[in-house]
Every structure is written in structure tokens, then in C-alpha cells.
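Now for the letters of each chain:
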Amino acid sequence: VGKPLADLCPPAHRPALLRLLRGANPDPQEVPLAGPAGGEVPVAWVVSAMRDDDGKPAGLVAVGRDLSERRRFEAH
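Residues numbered from 1 in each chain as written. Predicted model: local features only at pLDDT ≥ 70, side-chain atom pairs only at ≥ 80, totals over all residues. Heavy atoms only, no water.

Undergrad: I tried to follow a nonpolar patch on the surface on my own but got confused; where do I start?
TA: On the surface, a nonpolar cluster with roughly 240 Å² of combined accessible area is contributed by Met-50, Val-61 and Val-63. Relative to the helices and strands, Val-61 resides in strand E5 (residues 57–66). On the accessibility criterion, Val-61 (37% relative accessible area) is partly exposed. (Patch = residues over 30% accessible without salt bridge, like charges linked within 9 Å, V, L, I, M, F, W, Y side chains within 5 Å. Areas by Shrake-Rupley, 256 points an atom, 1.4 Å probe, with all protein chains shown as cover. Salt bridge = Lys/Arg side-chain N within 4 Å of Asp/Glu carboxyl O. Helix = DSSP H or I, 4+ residues; strand = E, 2+ residues; numbered from the N terminus. Buried < 20%, exposed > 50% of the residue type's maximum accessible area, 1.4 Å probe, protein only.)

Undergrad: What am I meant to see in the pattern of salt bridges here?
TA: If the charged atoms of two oppositely charged side chains come close together, the side chains can form a pair. Going through the model one piece at a time under the given rule, you end up with three salt bridges. When the shortest N-O distance is used, the salt bridge between Arg-71 and Glu-30 registers 2.6 Å. With Arg-71 in helix H2 (residues 68–75) and Glu-30 in strand E1 (residues 29–30), the pair connects residues that are 41 residues apart, well separated along the chain. Using a relative accessible area of 34% as the deciding quantity, one classes Arg-71 as partly exposed. Residue Glu-30 is classed as partly exposed on the basis of its relative accessible area, which comes to 42%. Several salt bridges converge on common partners, so that one network encompasses Glu-30, Arg-70, Arg-71 and Glu-74.

As C-alpha cells, this is what we get:
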């Protein structure tokens, strides 16, 4: 809260997250976020543009899904 999303992303992955947020690829992409213990949390992102009445970009909606549990299941 109160921080740009890119600041929550490990530095090595910030360029990929910023490209995703600029709408470079509408398909789901995996870009991790920094975890509470200093590790990385795998997150699948889907980003959609919000447009005003004239069709101009007005903002973005980014939805991230934590893949940690899925990865543990796959490893098991």
C-alpha cells in the first residue's frame, strides 16, 4: 500500500513487469513479486487497459494470482 507495484518486484524482474503494465503482451505472464521473507512469490499476471468514452487509455487493471500453492503441488 502506498508503493508502486514495480517496487514490490525483485529488481531483476522489474523490466518485465513494466513491459507487462504498458500492455506489451495481453496474454497472462508470470512475473514474481518480492516475498515477505525476502524470497520471491511466483505470480501470474493478466493486465487489461481501461479506456474512456473516446477509447483513449485511461488506466490499467492488473490482476495477479499467487502460484505458490500450485508450485508446491506440482513439486509434490
